[in-house]
Amino acid sequence: MTDPAAFPVSRLRPSDLLRVGAANLRVRRLRVLLASLGIAIGIATVLAVVGVSSSGQADLLRRLDELGTNLLTVKAGQTLLGKDAKLPAESVAMVGRISSVYAVAATGDLTMGVYRTDRIPADQTRGISVRAAGLTLLTTVQGEVAAGRWFTAATERHPTVVLGDLAAARLGVRAPGGTVWLGGRRFTVLGVLKPVPLAPGIDRAALVGWTAARDLLGFDGHPTTLYERSTPEEVEAVRAVLPRTVNPEHPEEVTVSRPSDALAARAAASGAFTGLLLGLGAVALLVGGVGVANTMVVSVLERRGEIGLRRALGATRGHIRLQFLTESLLLSGLGGLAGLVLGAAVTSGYALAGGFPTVLPFWAVGGGLAATLVIGSLAGLYPAVRAARLSPTVALGAT
Amino acid sequence: MTTPIVCLENVVKTYPGGVCALRGVNLEIHRGELLAVVGPSGSGKSTLLHMMGALDRPTSGRVLLAGHDVAALPDRRLSGLRASLIGFVFQRFHLAAGVPALDNVADGMLYAGVPLRERRERAAAALERVGLGGRVTHRPHELSGGEQQRVAVARAVARRPLVLYADEPTGNLDSVAGAEVLDVLRDLHADGTTIVIITHEQEVAAAAGRQVRVHDGHIVADVPGGGP
Ligand SMILES: Nc1ncnc2c1ncn2[C@@H]1O[C@H](COP(=O)(O)OP(=O)(O)OP(=O)(O)O)[C@@H](O)[C@H]1O
Ligand SMILES: [Mg+2]
C-alpha cells in the first residue's frame with residue numbers, strides 16, 4: 001500500500017469540469033443574465049465602434065479605388081510678392097503633351113459673384129466662386145451631372161452656367177432652365193453637378209464656358225487650376241515635371257496636389273474619433289468584470305455546503321478552484337459571445353443602412369474574446385481561491 | 001484477525017481556539033462491521049468521523065485508512081482517499097437542487113474518474129438498491145425527506161466505498177422516514193458494506209453490531225450491540 005503508483009487519486013475529467021462549471025449557471029438563469037450583461041454591453045460597444053469605423057473606412061477606400069488616385073491638381077499659387085499668380089494660357093496644351101497624361105482640363109477664376117436675381121447686393125456671394133471651365137473638365141475630374149447637361153462646343157459660347165452641387169444648393173437652384181444673375185446679365189442654368197469628391201472646389205463654383213467667359217465676362221484666358229490624369233504608374237514622374245511644364249518661368253509658384261491623398265488620410269484618420277467610445281466600452285467591460293466577480297463571491301458564500309460535499313466526494317482544492325474558475329469563464333464568455341453577436345448586428349445594420357461593406361476586423365473579434373477570457377479569469381480567481389481554501393469540515397457544517 | 005480497514009492510534013484533535021474535541025482515541029474498524037457511535041452533543045462524534053473519513057487531519061496520533069497514514073498526506077492525496085475509499089451521508093442531505101436523483105447519485109463518482117455513462121449506470125443500480133428505482137428522474141423537491149436521504153445513501157454507496165460513514169442520517173427525519181433509511185443501511189450492511197453510523201437515537205444504535213460510546217473526547221465504551 002506504500003507504492004505511490006497504486007495510491008488512489010482524485011480525477012475530474014475535462015468534460016466533467018465543463019459540466020460542473022455549467023451546472024450552477026443553468027439553475028440560476030436570471031443571475032447569469034444580469035452578471036454577464038455588463039460584459040455583453042462592453043464587448044458589443046467595442047466591436048460596434050471598431051466595426052462601424054472599419055466599415056466606414058472600407059467604404060472610403062472603396063470610393064478612393066473608384067475615383068482613382070491618378071488625378072493631380074495644379075494651382076497657380078502666388079507670386080513672390082504675394083499676388084495671385086496665373087498660369088500661361090498655353091499650359092493646358094503643354095501638360096497635354098506629357099506622354100503619360102491622358103486627360104487635362106482647366107478652370108480660371110473670375111473675380112465676380114453669381115446671384116439668384118439682380119436685386120441681391122453684390123457682396124452677398126454666399127461663398128460661390130465663378131470659374132471659366134474647359135470642355136474636358138467634367139470627364140477629367142470624373143464629375144457627373146445630377147440634372148440638365150454639361151457644356152458642348154455650342155453651349156459654351158452662350159451665357160449659360162453649370163452649377164456645382166453646393167453652389168446650386170446655395171442659390172436655391174434645383175433644376176436647370178432658370179436663370180441666375182452673373183456679370184451684370186442673366187445666365188441660363190444649363191445643368192447641376194453631383195458632388196465631385198476629388199475636386200471639392202468645383203462643388204462651390206458656378207462654371208461658365210471658356211469662350212463665353214472670354215467674350216462676355218472679360219476673362220483673360222489664363223487658367224488658375226489645372227486638373228490632369230495620367231497612367232497610375234507615372235503619377236509621381238508627372239508630378240515632378242508639372243511645375244516646370246505649366247509655368248517654365250516660375251515653377252516655384254506652382255503647387256501640385258493629389259486630392260486622393262486627402263481622402264486616404266481621412267480614411268486613415270477615421271479611427272481617431274472612436275477613442276472615446278472605445279473608452280466607454282472598456283469601462284463597461286470593467287464594470288462587467290466587477291459584476292462577474294461579485295456574483296462569483298456571493299456564489300461561493302452561498303454554496304459552502306456544496307463545496308463541502310464535493311470535497312467529501314473527493315474533490316481536491318484544485319478541482320474546486322477549477323470549478324469556480326470555469327464558472328466565471330463561462331459567465332463572462334457567455335456575456336462576451338452575446339456582445340459579439342450584438343456588436344456584429346449593430347455593425348452590419350449600420351453598414352446596410354449606409355450602403356457600406358460590413359467589416360468586422362478579426363483582431364477586434366479575437367481581442368473581444370480574449371478580453372472576456374482575461375476578465376473571466378481575473379474575476380473568478382479570487383472567489384475560486386477562497387472556495388478552494390475552505391476546509392471541508394467547515395464547509396459541510398455551514399448552513 | 002484481519003488487518004483493520006480503519007485504525008486510529010491515540011488520536012488527538014484540538015481545534016484552533018483551544019477546544020480539544022478528541023483526547024487520545026484508539027479505534028479499529030474491520031471489514032463488514034456495522035458500528036454505531038453514540039454520545040452526548042459536543043462529545044466529539046463528528047470530529048471522530050472527520051478523522052476517520054480523511055476530511056481533516058488529527059493534531060497528533062495516527063489515522064490509518066486502508067494502511068495510508070492520513071496525517072502525513074497532502075490535500076491532493078487525502079482527496080484521492082475520499083474519492084475512492086469513503087462514502088459519506090450527512091444529516092443534511094446535500095443534494096443539488098433542481099438536479100434529478102440519477103444525476104445527484106452519478107455526481108458522487110465525479111471525482112473518481114468514472115466515465116459519465118458508467119456513472120449513470122451505476123447510479124441507476126444504486127437507486128434501485130435503496131428502493132428508488134422508479135424515482136430516477138425526480139428532483140429533490142419532488143421527494144420526501146426520507147427519499148432524499150436514501151438518494152444521498154445511494155450516492156455514497158454507488159462507487160462501492162471501503163467504508164460508509166453516516167453522521168446522524170436520521171437526524172432530520174421523522175421516525176417512519178428514519179426507519180426507512182435505517183432499513184436501507186441495514187440491507188447494505190447485509191450485502192457486505194462496512195458502515196459507521198453516528199446517532200443520538202437508541203433504536204438506531206441498538207440495530208448496530210457494535211456500539212462505541214464517546215464522551216468528552218474519549219471513547220468510554222466499545223461494546224457489541226443488539227444488532228447483527
Ligand atoms: N471547526 C471547529 N472549530 C472549533 N471547534 C469545533 C469545531 N468543530 C467542532 N468543534 C468543537 O469540538 C467539540 C466536538 O464537536 P463535534 O461536532 O465533534 O461534536 P458532536 O459529538 O458531533 O456533537 P453533536 O452531537 O452536537 O453533533 C465541540 O465542543 C465543538 O464545539
Ligand atoms: Mg455532530
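Residues numbered from 1 in each chain as written. Chains lettered and ligands numbered in written order. Predicted model: local features only at pLDDT ≥ 70, side-chain atom pairs only at ≥ 80, totals over all residues. Heavy atoms only, no water.

Engineer: Provide a residue-level description of the overall build of chain A, including the pertinent values.
Structural biologist: When its secondary structure is counted, chain A shows 14 helices and 11 strands. Compactness check: chain A gives a C-alpha radius of gyration of 35 Å against a globular reference of 21 Å for 399 residues, more than 25% above the reference. Dimensions of chain A, computed from the C-alpha atoms along their principal axes, are close to 115 × 50 × 35 Å. Here chain A, with 399 residues, has 48% of them falling under the buried criterion. Carbon and sulfur atoms make up 62% of the accessible area of chain A, which totals about 18900 Å². (Helix = DSSP H or I, 4+ residues; strand = E, 2+ residues; numbered from the N terminus. Rg over C-alpha atoms; globule rule 2.2 N^0.38 Å. Buried < 20%, exposed > 50% of the residue type's maximum accessible area, 1.4 Å probe, protein only. Areas by Shrake-Rupley, 256 points an atom, 1.4 Å probe, with all protein chains shown as cover.)

Engineer: Which residues make up a positive patch on the surface, and what values do they have?
Structural biologist: Taken together, Arg317(A), Arg321(A), Arg389(A) and Arg57(B) make up a surface patch of like positive charges. By the secondary structure assignment, Arg321(A) is in helix H12 (residues 317-354). (Patch = residues over 30% accessible without salt bridge, like charges linked within 9 Å, V, L, I, M, F, W, Y side chains within 5 Å. Salt bridge = Lys/Arg side-chain N within 4 Å of Asp/Glu carboxyl O. Lys, Arg positive; Asp, Glu negative; His and termini not counted. Charge placed at Lys NZ, Arg CZ, Asp CG, Glu CD.)

Engineer: Please provide a residue-by-residue account of the confidence of the model for chain B, values included.
Structural biologist: Residue and element names in this part refer to chain B. Chain-level pLDDT for chain B is 92 on average; 98% of the residues reach the 70-or-more range. Taken element by element, the predicted model of chain B shows its lowest mean pLDDT in helix H7 (residues 202-206) (82) and its highest in helix H3 (residues 101-106) (96). Among the prediction metrics, the complex's ipTM stands at 0.94, with pTM recorded as 0.76. (pLDDT = per-residue confidence, 0-100.)

Engineer: Before we move on, can you summarise the side chain of Asn24(A) with the specific residues and values?
Structural biologist: Take Asn24(A): it is sitting in helix H1 (residues 14-27). Judged by its relative accessible area of 13%, Asn24(A) is buried.

Engineer: Describe in detail the packing of aromatic side chains, supporting the description with residues and values.
Structural biologist: Here the structure, examined in full by the defined rule, presents 5 aromatic pairs over all chains. Ring centres of Trp210(A) and Phe219(A) lie 4.9 Å apart, and the angle between their planes is 85°; this geometry places the pair in the edge-to-face category. Judged on exposure class, the residue Trp210(A) and its partner Phe219(A) are both buried. Seen in terms of ring centroids, Phe88(B) and Phe90(B) are 5.6 Å apart; in terms of plane orientation they differ by 10°. Their pairing is stacked. For the pair formed by Phe88(B) and Phe90(B), the shared burial category is buried. Put simply, the rings of Phe88(B), Phe90(B) and Tyr165(B) touch in pairs and so form one group of aromatic residues. When the ring centre of Phe7(A) is taken as origin, the NZ or CZ atom of Arg77(B), which lies over that ring, is 4.4 Å away. (Phe/Tyr/Trp six-rings, centres within 6.5 Å; stacked < 30°, edge-to-face > 60°. Lys NZ or Arg CZ within 6 Å of the ring centre and 35° of its normal.)

Engineer: Any details on the confidence of the model for chain A? Residues and values, ideally.
Structural biologist: The predicted structure's coordinates, where accompanied by low pLDDT, should not be read in detail. On average, residues of chain A score 86 in pLDDT, and 96% of them are at 70 or above. Within chain A, no element has a lower average pLDDT than helix H9 (residues 259-269) of chain A, which sits at 74, and none a higher one than helix H11 (residues 304-312) of chain A, at 94.

Engineer: Go over the environment of Arg97(A), please, and point to the residues and values.
Structural biologist: Relative to the helices and strands, Arg97(A) is located in the loop between helix H3 (91-96) and strand S2 (101-110). Separated by 148 residues in the primary sequence, Arg97(A) and Thr245(A) have C-alpha atoms spaced 9.5 Å apart.

Engineer: Lay out the pattern of salt bridges with the relevant residues and their values.
Structural biologist: Using the criterion set out here, one finds 27 salt bridges over all chains in the structure. Put simply, Asp183(B) and Arg186(B) hold a salt bridge, and the shortest N to O gap is 3.1 Å. Within this pair, Asp183(B) and its partner Arg186(B) are both found in helix H6 (residues 175-190), separated by 3 residues, close to a single helical turn. Arg186(B) sits in the partly exposed class, given a relative accessible area of 32%. Linked by salt bridges that have partners in common, Asp16(A), Arg19(A), Asp107(B) and Arg119(B) make up one network.

Engineer: Go over the packing of helix H2 (residues 29-67) of chain A against helix H13 (residues 362-389) of chain A, please, and point to the residues and values.
Structural biologist: Residue and element names in this part refer to chain A. Look at H2 against H13: their axes get within 10 Å of each other, and the N-to-C directions meet at 160°. As far as their axial angle goes, H13 and H2 are roughly antiparallel. The interaxial crossing formed by H2 with H13 has right-handed handedness. Residues Ile39, Ile43, Leu47 and Val50 of H2 lie in contact with H13, whose contacting residues are Trp363, Ala364, Val365, Gly368, Thr372 and Ile375. (Axes fitted to C-alpha atoms, helices over the stretch in contact; angles between N-to-C directions. Parallel < 35°, antiparallel > 145°, perpendicular 65-115°, else oblique. Left-handed = near helix turned anticlockwise from the far one by under 90°. Contact = heavy atoms within 4.5 Å.)

Engineer: With reference to specific residues and values, describe the nonpolar core.
Structural biologist: Formed by 71 residues in total, the largest nonpolar core has its most connected members in Val6(B), Leu8(B), Leu48(B), Met52(B) and Tyr165(B). Ala76(A), Ala167(A), Val189(A) and Phe219(A) belong to the second largest nonpolar core, which has 40 residues in total. (Core = buried A, V, L, I, M, F, W, Y, C linked by side-chain atoms within 4.5 Å.)

Engineer: Which residues make up the sheet that holds strand S9 (residues 210-215) of chain B, and what values do they have?
Structural biologist: All names here are of chain B. Taken in spatial order, the 6 strands line up as S6-S7-S8-S3-S9-S10 in an open sheet, and their pairing is mixed. Edge positions in the sheet fall to strand S6 (86-89) and strand S10 (218-224), since each of these pairs with one other strand and no more. Each strand of the sheet is rotated relative to its neighbour by a mean of 15°, with strand direction disregarded. Those strands touched by helix H2 (residues 75-85) are S6 and strand S7 (163-167), and its axis lies near 80° from that of S6. (Pairing = 2+ DSSP bridges.)

Engineer: Report on the interface of chain B and chain A, specifying residues and quantitative values.
Structural biologist: On the chain A side, the residues contacting the 33 residues of chain B number 31 residues. Between chain B and chain A the total buried area reaches about 2800 Å² when both faces are included, carbon and sulfur atoms providing 58% of it. Taken together, the links from chain B to chain A amount to 3 salt bridges. Close ionic contact of Arg19(A) with Asp107(B) constitutes a salt bridge, the shortest N to O distance being 3.3 Å. Here chain B is connected to chain A by 14 residue pairs in polar contact (both at pLDDT 80 or more). Only H2 and helix H4 (116-129) of chain B provide two or more residues apiece to the side of chain B that touches chain A. No other element matches H2(B), which puts 9 residues into the side of chain B that touches chain A. Residues of the side of chain B that touches chain A, tallied by class, amount to 14 nonpolar, 8 polar and 11 charged. (Buried area = accessible area lost by both parts, 1.4 Å probe. Polar contact = N/O pair within 3.5 Å; in protein donor to acceptor, adjacent residues only side chain to side chain. Nonpolar A, V, L, I, M, F, W, Y, C, P; charged D, E, K, R; others polar.)

Engineer: I'd like a rundown of the site of ligand 1, residues and numbers included.
Structural biologist: Residues and elements named next belong to chain B. Taken together, 13 residues are adjacent to ligand 1, and Ser41, Gly42, Lys45, Ser46 and Thr47 come closest. Lys45 places a side-chain nitrogen or oxygen 2.7 Å from an oxygen atom of ligand 1. Measuring from an oxygen atom of ligand 1, one finds a side-chain N or O atom of Ser46 at 2.7 Å. Here ligand 1, which alone exposes 630 Å², has 63% of that area covered by the protein. Here the shell around ligand 1 takes 3 residues from helix H1 (residues 45-52), the largest share from any one element. Residue classes in the shell around ligand 1 are distributed as 4 nonpolar, 7 polar and 2 charged. (Near = heavy atom within 4 Å.)

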